[in-house]
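# Geometric and topological summary
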Amino acid sequence: MGRFATVLNLLSVVVAIFALAMLLPLAVSLTLEDGAEGAYDLAILITGVAGFLGWVVTRGGRRELQPRDGFLFVVLVWSVLPAFATVPLLVYLPGLSFTDAYFETMSALTATGATVLSGLDGLPPSINVWRCMLQWVGGMGIIVLAVAILPLLGVGGRQLLKAETPGPMKEQQLTPRIAQTAKGLWLVYLLLTVLCGLSYAWAGMDGLDAMMHAFTTVALGGFSSHDASFAYWNSALIEALAVVFMLAAGVSFGTHFVALRRVSLRPYRFDAEARAFFSVCGASVALVAGYIFLHGAHDNFPTTARYALFNVVSVATTTGYSTTDYAVWPLFAPLWMLMLSTFSTCSGSAGGGIKMMRALLMFQQALREMMRIVHPRALIPVKLGGQVVENNIIFAVLAYMLVYGATLTLITMLLTATQLDFMTAFSAAAACLNNLGPGLGEVGPTSTYAVLDDFQTWVCTFAMLLGRLELMTVFVLLTPAFWRR
Amino acid sequence: MVQPFAVLHALSALTLVMALAMGVPLLVAELLDDGARFAFEGGMLATAAVGGFLRILTYGKQRELRVRDGFLLVASGWAGLPVLAALPLVLYFRDLSLTRAYFEAVSAITTTGATVFVGLDGLPPSINFWRCQLQWMGGMGIIVLAIAILPMLGVGGSQLFKAETPGPMKDNKLTPRMTETAKALWLVYGLITLACTIAMKLAGMDWLDALMHAFTTMSLGGMSSHDASFAYWNSPVLEAVTIAFMLLAGMNFSTHFLLLRKRSLSVYASDPEVPAYLGVLLVSVLVIAGLLWWVGAYPEWASALRMSAFNVVSVATTTGYTSVDYGLWPVFAPMWMLIMSGFTSCSGSTGAGIKMMRTRLMAQQAVREMRRILHPKAVLPIRLGGRVVENQIIFAVLAFMLVYGVCIVVVTLLLALSGMNIVTAFSATMACINNLGPGLNEIGPSGTYASLNGVQLSLLSATMLLGRLEMFTLLIVFTPGFWRR
């Protein structure tokens, strides 16, 4: 029991801090007098009291967190915080069911960007600020998760990243390491957000929108305060800036940190992932632009290229903004974009999917097996960034891919079993598992997830959680071995 | 390293066998006087001429075949012989394009069962006989390929099957091993086909149909002499008989061979695949029957079970017979059946997909990684049938799955690029790479591949070959490393 007390204690602290986060939308609400401040009062009260009570009750059992506790802690954080985050939504929007509200906040905190709300423009600004801010907070969590926690837990070959991350590496205790790393990465994250917000404001967004969209851009979340997303502004300049910042946020924040410390661009050149990420995005934009232009999706080539650039980058980085209904493009284009979202982003970013690092490893592994067939006795190492990758890590990565594929298939089947059509089921499964947001078919860029029934909504909610925590973190809790001492 | 002339020499022998094989439909045409005699005469003559020419060309260049030659022989044999097999079709149907004829022949030889012909009932019996006989011969080739050749070539972890196969094993020369194994397995294959023919005749088919359908049942091919496939007879007894033989053909033929030798049914119980194979099928049949009954597709439970049993077993074993248009069932059912075709049949059977052996290994590997996350330093061997499986083999199997997954995605995207909708594209890919036959929508159980254009058909011909030759065998020939010394 001592084990769980430690985890719950830490969770309570996180919940209490989370209550503080609600001060921002409260401040916005008070300033603009948008009529939603009562919702935040209550939410802060509930969250704060829950956090405090939890802390008091579990205070006695506190000790150093072990890696194994990390699994439970991470899963709890990402499933409990969305529950508290629903309070403002539930209070202000009485028609909203808990299922839908939880979906919305899970989508926010996992930086997915799938929404069940429509008429965003008519909501009180503070509600939109809350949604966008949740994504930003989620993004902070994700980056620390990706760079500091998952490598330590050894999920899906993440150990590979250990050597490259800032902070002390040798010890097995979680807390000091996480604290160190977090400081460095959050600094970068904050800087990027401020830069992004200022650029948006300069390019023509109003202050509040600039802040909200900076939040959701850097977190690769994709929530917007407008139903039309970026089509609301219809400004090439804003879109170009968004593309730049989405690409920047798609690179590992560990690399950004190193680049910042050394004041040099060289770390990017040596980051094999970043290189591949940029190449894949570039090639795909060109491919999609050419393809849809040939099929006459838009009038002239510059317009086509502009739409292709923004939407391809947005989907590939698992952000999920849109400037046009790309679902009506010839099928290959949206399908390819959906595929891109599974593997494009770098492993230390807030993006979803299997990550470019694993994709690169897998590609090399496939090549290696081909070579091994021709030369059965040859020793062929798999290398990444000049370093030889251990077999153990390749195993972990391969197993991860396998579980990813099986999960995607199962979720799709589960959704088709509830009478969704195949396109909607598959795209919803992929969009949620990759933490992308908009799918195709009924849940496409111009629609919302409100069309799903309660069961389907829960399946999608779970898929977002699974994808965000890299599957294994959640699945390992379901094994009996985990609960044995 | 590669000995092209020695490979051509072996090919010439196969070509001459093909010419001889055309004698059978020629005989049928002669006896029934169905007007297709000239097509087979022409085809036979041309094939014999090609074989003779190759024979002369490679005269005196016969060498012992080595492993690399094996790849080339298998790849060129499976891709080249369909050209000759298509000759009678091209000669008989003046307006049939070569692309279509080649698709039909590849579909036959790879035991896929996809067809571009409409109005099968009106074709000369000898033409239908040739299609079915090609499937049967393809099945012979596959068994030897799967049990004798691929393990030796070390494709996709099939080394695993080495220890269990009849015939000499230590030898590194291809020919003696192949002939030994072939003799034993073809005996089994022939015996079961004979039993199947008699059983089908007793269950109500006429002799010619019984023989043709025994051919396509044992090869898990699925071509039929009737457009309606098994709905033509609408006989529960016949369906039950067919299910039994499809189940037999979906098991490893070396297990059947062991049965002959040991005369004990325990060989099936101790087979690493058979229990899982039957278990998955049973559960799926019951689940889908339950679903059909639940949604009211069939008023009585018994007919839901009958329809589910026949079509699920047919699709899962990659046969592709149909007794009803299951494309009209709730989308979960056909989708799940398609996915089953990807993993259900046993290695060493005439079925396709990744095979149950690899599926089980993969499941174990996923569980192992989960345990390894909890116990990073534990040594966790993977066992199959009581033996520890080497890491090398697991790597090969994982790489196989990876390439399989990538192939499905790429072919689906290419088909989408050619203008197909997603369900058709995905189902066509699955149906062809798993050598199943019918897909969904216009290429579904009540349709044919006739509506596809030349590019799509060529792509799918390649996909069938890719699936049949377990990806690597075909892909490897296109790598530069293969041709270097």
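Just so we're clear, the structure is a prediction, and the values are computed from it rather than from any experiment.

Broken down by element type, chain A carries 20 helices and two strands. The C-alpha radius of gyration computed for chain A amounts to 22 Å, which stays within 12% of the reference 23 Å derived for 485 residues, consistent with globular compactness. Along the three orthogonal principal directions, the C-alpha set of chain A runs to about 70 × 65 × 55 Å. In chain A, buried positions account for 63% of the 485 residues. Charged side chains of chain A number 26 positive and 26 negative; the gap between the two group centres comes to 21 Å.

Turning to the packing of helix α16 (residues 391-417) of chain A against helix α17 (residues 391-417) of chain B, a few remarks are in order. At a minimum axis separation of 10 Å, α16(A) and α17(B) run at an interaxial angle of 40 degrees. For the pair α16(A) and α17(B), the sense of crossing is left-handed. Every residue of α17(B) that contacts α16(A) at A:Asn391, A:Ile394, A:Phe395, A:Leu398, A:Met401 and A:Leu402 is listed here: B:Asn391, B:Ile394, B:Phe395, B:Leu398, B:Met401 and B:Leu402. Broken down by class, the residue content of the contact of α16(A) with α17(B) amounts to 10 nonpolar, two polar and no charged.

Turning to helix α16 (residues 355-374) of chain B, a few remarks are in order. Over its 20 residues, α16(B) extends 30 Å from the first C-alpha to the last, a length consistent with the 28 Å expected when each residue adds 1.5 Å. Among the 20 residues of α16(B), 14 are classified as buried, and the element is accordingly described as predominantly covered.

A separate point is the side chain of B:His256. Residues and elements named next belong to chain B. In this fold, His256 is placed in helix α11 (residues 253-262). Within the structure, the side chain of His256 is placed 2.8 Å from the backbone oxygen of Leu248, a separation counted as a polar contact. Apart from residues no more than four positions distant in its own chain, His256 is found in contact with Val188, Ile192, Leu248, Met251 and Tyr268.

Once that is clear, we can look at the packing of aromatic side chains. In this structure the tally under the stated criterion is 45 aromatic pairs over all chains. An angle of 25 degrees between the planes, with centres 5.4 Å apart, marks the rings of A:Phe422 and B:Phe426 as stacked. A residue pair is termed interchain when its members come from two chains, as with A:Phe422 in helix α17 (residues 422-433) and B:Phe426 in helix α18 (residues 422-433). Exposure class is identical for A:Phe422 and B:Phe426. Each is buried. The ring of A:Tyr307 has A:Arg306 sitting right over it, with the charged end atom 6.0 Å from the ring centre. A cation sits over an aromatic face here: A:Arg358 above A:Tyr400, 3.8 Å from the ring centre.

Residues and elements named next belong to chain A. The end-to-end C-alpha distance of helix α6 (residues 125-153), which contains 29 residues, comes to 39 Å, matching closely the 42 Å that a straight helix rising 1.5 Å per residue would cover. When the local axis directions of α6 are compared, the greatest deviation, roughly 45 degrees, occurs at Leu145. With respect to burial, α6 is a largely interior element, 26 of its 29 residues being buried. Once α6 finishes, Gly154 follows within two positions and takes phi at roughly 70 degrees, a positive value.

So, on to the pattern of salt bridges. All names here are of chain A. Overall, the coordinates contain 12 salt bridges over all chains when judged by the stated rule. Linking Arg131 and Glu104 is a salt bridge whose minimum nitrogen-to-oxygen distance equals 2.9 Å. Note that Arg131 is positioned in helix α6 and Glu104 in helix α5 (residues 98-109), a separation of 27 residues in sequence. Of the residues examined, Arg131 reaches a relative accessible area of 2% and is grouped as buried. A salt bridge links Glu239 to Arg306; the nearest nitrogen and oxygen atoms lie 2.9 Å apart. With a gap of 67 residues between them, Glu239 in helix α9 (residues 236-250) and Arg306 in helix α13 (residues 301-316) connect regions that are remote in the sequence.

A low pLDDT means the predicted coordinates there should not be read in detail. The predicted model of chain B has a mean per-residue pLDDT of 90, with 95% of residues at 70 or higher. Across residues 163-172 of chain B the pLDDT falls below 50, and counting only partners more than four positions away or on other chains, this stretch makes 23 contacts in the model.

Summarising the element assignment, B:Gly290 is placed in helix α13 (residues 274-295). A C-alpha to C-alpha distance of 31 Å links B:Gly290 and B:Ser225, two positions 65 residues apart in sequence.

Moving on to the interface of chain A and chain B. One frequently used descriptor of interface size is the decrease in accessible area upon assembly of the parts. Across the boundary between the two partners, chain A contributes 45 residues, which contact 47 residues of chain B. Between chain A and chain B, roughly 4,000 Å² of surface is buried when both sides are summed, and carbon and sulfur atoms account for 81% of that area. Interface area lost by chain A to chain B is led by A:Ile373, A:Phe395 and A:Phe422, which between them contribute 19%. There are zero salt bridges connecting chain A and chain B. Seen at the junction of chain A and chain B, the total is two residue pairs in polar contact (both at pLDDT 80 or more). Those elements that place two or more of their residues in the side of chain A that touches chain B are α4 (67-92), α14 (332-343), α15 (356-374), α16, α17, α19 (472-475) and α20 (480-483) of chain A. Sorting elements by how many residues they give to the side of chain A that touches chain B places α16(A) first, with 14 residues. Split into classes, the residues belonging to the side of chain A that touches chain B amount to 32 nonpolar, nine polar and four charged.

Attention shifts here to the environment of B:Arg261. Residues and elements named next belong to chain B. Along the polypeptide, Arg261 turns up in helix α11. A relative accessible area of 56% places Arg261 in the exposed class. Note: C-alpha distance between Arg261 and Leu187 (74 residues apart in sequence) is 12 Å.

Helix-helix packing: each pair is described by the crossing angle between the helix axes and the interaxial distance. Residues and elements named next belong to chain B. At a closest axis distance of 10 Å, the pairing of α13 and helix α15 (residues 332-341) adopts a crossing angle of 170 degrees. Relative to α15, α13 is oriented roughly antiparallel. Packed against α13, whose contacting residues are Val280, Leu281, Ser284, Val287, Ile288 and Leu291, the element α15 presents Phe332, Ala333, Trp336, Met337 and Met340 at the interface. Counted by class, the contact of α13 with α15 contains 10 nonpolar, one polar and no charged residues.

What counts and how
Residues numbered from 1 in each chain as written. Chains lettered and ligands numbered in written order. Predicted model: local features only at pLDDT ≥ 70, side-chain atom pairs only at ≥ 80, totals over all residues. Heavy atoms only, no water. Helix = DSSP H or I, 4+ residues; strand = E, 2+ residues; numbered from the N terminus. Rg over C-alpha atoms; globule rule 2.2 N^0.38 Å. Buried < 20%, exposed > 50% of the residue type's maximum accessible area, 1.4 Å probe, protein only. Lys, Arg positive; Asp, Glu negative; His and termini not counted. Charge placed at Lys NZ, Arg CZ, Asp CG, Glu CD. Axes fitted to C-alpha atoms, helices over the stretch in contact; angles between N-to-C directions. Left-handed = near helix turned anticlockwise from the far one by under 90°. Contact = heavy atoms within 4.5 Å. Nonpolar A, V, L, I, M, F, W, Y, C, P; charged D, E, K, R; others polar. Expected span 1.5 Å × (residues − 1). Polar contact = N/O pair within 3.5 Å; in protein donor to acceptor, adjacent residues only side chain to side chain. Phe/Tyr/Trp six-rings, centres within 6.5 Å; stacked < 30°, edge-to-face > 60°. Lys NZ or Arg CZ within 6 Å of the ring centre and 35° of its normal. Bend = angle between axes of the 7 residues up to and from the residue. Salt bridge = Lys/Arg side-chain N within 4 Å of Asp/Glu carboxyl O. pLDDT = per-residue confidence, 0-100. Buried area = accessible area lost by both parts, 1.4 Å probe. Parallel < 35°, antiparallel > 145°, perpendicular 65-115°, else oblique.

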